[in-house]
Amino acid sequence: MSVIEKKQTAERLSESLAEVQRLIALHQENDAVAPATSPALDDLQQRLQNLHPADIAYILEALPLEERLLVWNRVKAQQDGDILLEVSDAVRETLIESMAPDELVAAVRQLDTDELADLAGDLPRQVVYEVMGELDEAEREQLQSALSYPEGSIGALMDFELVKIRADVSCEVVLRYLRRFDELPHQTDKIFVLDANEVLCGVLPLRSLLVADPEAMVADVMATEVVSFQPEDEARDAALAFERYDLVSAPVVDERGALIGRLTVDEMVDVMREESDSEVLNLAGLKEEEDLFAPVIDSVKNRWSWLAINLCTAFVASRVIGVFEQSINQLVALAALMPIVAGIGGNSGNQTITMIVRALAMGQMQVSQAWRLWRKELGVSIINGLIWGGAIGLIAWLLYGRLSLGLVMLAAMTLNLMLAATMGVLIPSLMQKLGRDPALGSSVLITACTDSGGFFIFLGLATIFLL
């Protein structure tokens, strides 16, 4: 098969991974018997040639380090740069470490300026300097401009390949101009219209150009209401705008409105995916994306801090239980029932905190609205507490024959759900106000609050009303 498989369904991707793993296992078996011959590696190389770089990146991320490097060494050199762009940061680090400087130079010299800027932070400094020395003056300026902006800003992601025209020409002239290109830059859905001072004054969508009267002037056909960005803006805000307005590309302008680059939807999709991944990791207390097959010590470094915090909070919860040790000794049923109160509170708190973190990330909520949302979540928690607290209270009454124990379960569960709602709104809102990522460790903190609080509320009420 000579044509690269550009699109793969999830099922076909899994099949490709399974086939690569089969060929690796076959190679390892043959290598043990007859090291001089390995037809499995030839089949593996042929299989990789038929895959898109993004699919190869998926396969590399799913393999242990030794097998990953075996596959990486069988990839065509022309694909190295594209694959490095597609793999996760953690896996990219392992691949770059395995490559000699001249291999890295050969891999990235074929990339566009904006793509090279994406990789520059992970490449050895001498490799970046060598590649920059091979660029022409305009490309070198573009690369230096992209590298001058902080990570996560629009300037670090903008593409410099675009089509621009003047407003005082006809559509026929524009069509003749476009025919001079071998191909248009990727994700080109519009042409940017500039005035004599290179200031953006509108955009000409290709769909409008194709149906316009050839004699019509661009100024009469172009759209003047344009969603544009500045290079210092946050990339995540731009990603939300792309989603909201269904954009394919958008101009990037400086403070006086001069066009300096553009954003494309493929970059914004990557930003949205990274933001989503980051939220999931932060909720669990992980500091960064982790290579699934990373060395043990690297995984330990990534996870230890919030585990230490969790240990401290668990110790606090244990001391709360210790305070009521005599109550538990007098009524053993308390030991069986108290995890239910804490567990349901933790689950409810995680639901609330996930919703709040998502709303903050999507820009749907401002910290000033926390009071209103807290009242709403408090109402939800009271209703849920009365319903499910009543249900578990009834079960406790039937099991242990004490109505008062069932009423304590009802009250404790309702109060703990109210606590969970309060902390679920307060924790991310406070972190957002302090300039921190609202998702960072939120799941760990809410669980600590509902565990300790649930134990204290339930055992305290039991001590007062039952003993």
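What you are looking at is a predicted structure, and each value in this text was computed from that prediction instead of being measured.

### Re a negative patch on the surface
Where like charges cluster on the molecular surface, the negative patch consists of Glu 232, Asp 233, Glu 234, Asp 237 and Glu 255. Structurally, Asp 233 can be placed in the loop between helix 13 (218-221) and helix 14 (235-245).

### A few points about the UniProt feature "transmembrane region" (unreviewed entry) in the chain
In the numbering used here, UniProt assigns the feature "transmembrane region" (unreviewed entry) to residues 378-400, 406-427 and 439-466. For the annotated span residues 406-427, helix accounts for 100% and strand for 0% of the residues, and the straight-line distance between the end C-alpha atoms is 31 Å. Strand forms 0% of residues 439-466 and helix 86%; the C-alpha atoms that close the span are 40 Å apart.

### Comments concerning the UniProt feature "domain: CBS" (unreviewed entry) in the chain
Mapped onto the present numbering, the UniProt feature "domain: CBS" (unreviewed entry) falls at residues 222-278. Overall, residues 222-278 shows 44% helix and 19% strand. The separation of its end C-alpha atoms is 39 Å.

### A few points about the nonpolar core
In terms of nonpolar packing, the biggest core is built from 56 residues, with Val 108, Leu 123 and Leu 263 touching the most fellow members. In terms of residue count, helix 14 provides more of this core than any other element does, five residues in total. Among residues more than four places away in sequence, those in contact with Leu 263 are Ile 154, Leu 157, Met 158, Phe 229, Ala 238, Phe 242, Val 248, Ser 249, Ala 250, Val 252 and Met 268. Grouped together as the second largest cluster of nonpolar side chains are 26 residues, Ile 328, Ile 392, Phe 455 and Ala 462 included.

### Some points on the sheet that holds strand 2 (residues 190-194)
Taken in spatial order, the three strands of this open sheet run 1-2-3, and their pairing is mixed. The open sheet terminates on both sides in strands that have one partner only, identified here as strand 1 (164-166) and strand 3 (200-205). Across this sheet, the average inter-strand angle for adjacent strands is 35°, counted without regard to direction. The sheet contact formed by strand 1 and strand 2 spans three bridges and is parallel. Its bridge partner being in strand 2, Ile 165 is matched across the sheet by Val 193. In the packing of helix 11 (residues 171-178) onto the sheet, contacts are made with strand 1, strand 2 and strand 3, and the angle to strand 1 comes to roughly 150°.

Calculation rules
Residues numbered from 1 in each chain as written. Predicted model: local features only at pLDDT ≥ 70, side-chain atom pairs only at ≥ 80, totals over all residues. Heavy atoms only, no water. Patch = residues over 30% accessible without salt bridge, like charges linked within 9 Å, V, L, I, M, F, W, Y side chains within 5 Å. Areas by Shrake-Rupley, 256 points an atom, 1.4 Å probe, with all protein chains shown as cover. Salt bridge = Lys/Arg side-chain N within 4 Å of Asp/Glu carboxyl O. Lys, Arg positive; Asp, Glu negative; His and termini not counted. Charge placed at Lys NZ, Arg CZ, Asp CG, Glu CD. Helix = DSSP H or I, 4+ residues; strand = E, 2+ residues; numbered from the N terminus. UniProt positions renumbered as here; feature names shortened; annotations may be inferred. Core = buried A, V, L, I, M, F, W, Y, C linked by side-chain atoms within 4.5 Å. Buried < 20%, exposed > 50% of the residue type's maximum accessible area, 1.4 Å probe, protein only. Contact = heavy atoms within 4.5 Å. Pairing = 2+ DSSP bridges. Axes fitted to C-alpha atoms, helices over the stretch in contact; angles between N-to-C directions.

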